[in-house]
Amino acid sequence: MARKRERRSAPARPYVPVPRAEPITVEHAVEEAMLIARSALTMEVKNRIIVGALRDDLAFDPAETAGLVKSELAVLSREQAGYARRMNRLAVAVSGARGSSIRDHDYGPRDYRVLTHRGKIYAALSEELERLVGDEAFVDDVVETARAQAWAELGRTIVSRLERTFGAHRDPDYAIDRIDRMRSLVEVDLAALDRKSH
């Protein structure tokens, strides 16, 4: 009877804890969030310009659009201030909690520092957005960027529709026949118009 070979297990490696990453600084977090906020704000304003032009037949008004940018900045600022208050309330609530969280996604005492850090980021972002309401250079830049993007998008849409409408039905002899049509316009139509004016 063959003996079973004993399987040697590899020696266990000692546990090496993963080093905790340093939290992002408030300044860096606000800088990154502002890039996202500016992009979202520009897109919102661009879409309003397009809808105003197409649906409501409104002419572009730089002053009105600047007012829209300021209004949106104020809304974003209040939103971030609300998030900051929520993080602060959560931090206070977990600071007095005992034991571990009931569910994995619940906050516990160990999350106090994370929550207070998030609260600081939201508060700083709210302040920056509020400051930008009065920054005319920033507002004007968003207005101009949104206007340029809106006109470019409208232009592409019009060209695309024209190509679909006229390109699909164009006569293959269009270029050749165009010469005859232009000659007829000059010799017949314009000549007749010239005679009527005398």
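Residues numbered from 1 in each chain as written. Predicted model: local features only at pLDDT ≥ 70, side-chain atom pairs only at ≥ 80, totals over all residues. Heavy atoms only, no water.

Peer 1: Please explain the packing of aromatic side chains as it appears in this structure.
Peer 2: For any two aromatic rings, the description comes down to two numbers: the centre-to-centre distance and the angle of the planes. Counted by the stated rule, this structure contains two aromatic pairs. Judged by centre distance (6.0 Å) and plane angle (75°), the ring pair of Phe60 and Trp151 falls under edge-to-face. Within this pair, whereas Phe60 is found in the loop between α1 (26-54) and α2 (62-95), its partner Trp151 is found in helix α4 (residues 136-167), the two being separated by 91 residues in sequence. Relative accessible area serves as the criterion here: at 25%, Phe60 is assigned to the partly exposed category. A relative accessible area of 33% places Trp151 in the partly exposed class. (Phe/Tyr/Trp six-rings, centres within 6.5 Å; stacked < 30°, edge-to-face > 60°. Helix = DSSP H or I, 4+ residues; strand = E, 2+ residues; numbered from the N terminus. Buried < 20%, exposed > 50% of the residue type's maximum accessible area, 1.4 Å probe, protein only.)

Peer 1: Where do I start with the side chain of Thr42 in this structure?
Peer 2: Looking at the secondary structure, you find Thr42 in helix α1. A polar atom in the side chain of Thr42 sits 2.8 Å from the backbone oxygen of Arg38. Residue contacts for Thr42: discarding those within four places in its chain leaves Val142, Thr145, Ala146 and Gln149. (Polar contact = N/O pair within 3.5 Å; in protein donor to acceptor, adjacent residues only side chain to side chain. Contact = heavy atoms within 4.5 Å.)

Peer 1: Quick question: what am I supposed to make of the pattern of salt bridges here?
Peer 2: It is possible for side chains of opposite charge to pair when their charged atoms get near one another. Enumeration over the complete set of coordinates arrives at nine salt bridges. Here Arg38 and Asp141 are joined by a salt bridge, their closest N and O atoms 2.5 Å apart. Of this pair, Arg38 sits in helix α1 while Asp141 sits in helix α4, and the two are 103 residues apart along the sequence. In this structure, the salt-bridge partner of Arg131 is Asp135, at a minimum N-O distance of 3.6 Å. Each member of the salt-bridge network shares a partner with another, and the members are Glu44, Arg48 and Glu72. (Salt bridge = Lys/Arg side-chain N within 4 Å of Asp/Glu carboxyl O.)

Peer 1: I tried to follow the nonpolar core on my own but got confused; where do I start?
Peer 2: Nonpolar side chains in soluble globular proteins tend to be buried together. Among the nonpolar cores identified, the biggest contains 24 residues, and Met34, Leu41, Val45, Val69, Leu73 and Phe138 are the most heavily contacted of them. Only α1, α2, α3 (112-133) and α4 provide two or more residues apiece to this core. Considering every element that reaches this core, the biggest residue donor is α1, with nine residues. Every residue in contact with Met34, bar those within four places of it in the chain, is listed here: Leu125, Glu128, Leu129, Leu132 and Phe138. (Core = buried A, V, L, I, M, F, W, Y, C linked by side-chain atoms within 4.5 Å.)

Peer 1: What is the right way to read the packing of α1 against α3 from this model?
Peer 2: Packed helices, taken two at a time, are described by the angle between their axes plus the distance between the axes. Two elements in contact, α1 and α3, have axes separated by 9 Å at closest approach and are oriented at 50°. Of the possible angle classes, the one that applies to α1 and α3 is oblique. When the axes of α1 and α3 are compared, the crossing they make is right-handed. Residues Val26, Ala29, Val30, Ala33, Met34 and Ala37 of α1 lie in contact with α3, whose contacting residues are His117, Lys120, Ile121, Ala124, Leu125, Glu128, Leu129 and Leu132. (Axes fitted to C-alpha atoms, helices over the stretch in contact; angles between N-to-C directions. Parallel < 35°, antiparallel > 145°, perpendicular 65-115°, else oblique. Left-handed = near helix turned anticlockwise from the far one by under 90°.)

Peer 1: Would you explain the confidence of the model for the chain in this entry?
Peer 2: Regions with low pLDDT should not have their predicted coordinates read in detail. On average, residues of the chain score 83 in pLDDT, and 77% of them are at 70 or above. Per-element confidence in the chain ranges from a low mean pLDDT of 64 for helix α5 (residues 174-197) to a high of 96 for α3. (pLDDT = per-residue confidence, 0-100.)

Peer 1: Before we go on, may I ask you to explain α2 in this structure?
Peer 2: Since the α-helix turns once every 3.6 residues, residues separated by three or four places project in the same direction. Helix length check: α2, at 34 residues, gives a terminal C-alpha distance of 49 Å against a target of 50 Å (1.5 Å per residue), a fit within 8%. Those residues of α2 not exposed but buried are Thr65, Ala66, Leu68, Val69, Glu72, Leu73, Ser77, Gln80, Ala84, Met87, Ala91 and Val94. If you check the start of α2, you find a side-chain oxygen 3.1 Å away from the backbone N of Ala63, and it comes from Asp61. (Expected span 1.5 Å × (residues − 1).)

Peer 1: What's the story with the packing of α1 against α2 in this structure? I'm lost.
Peer 2: It is the contact of α1 with α2, at a shortest axis distance of 11 Å, that shows an interaxial angle of 140°. Taken as axis vectors, α1 and α2 run oblique relative to one another. Between α1 and α2 lies a crossing of right-handed hand. Facing α1, whose interface residues are Leu41, Glu44, Val45, Arg48 and Ile49, α2 presents Thr65, Leu68, Val69, Glu72 and Leu73. Per-class residue counts for the contact of α1 with α2 are six nonpolar, one polar and three charged. (Nonpolar A, V, L, I, M, F, W, Y, C, P; charged D, E, K, R; others polar.)

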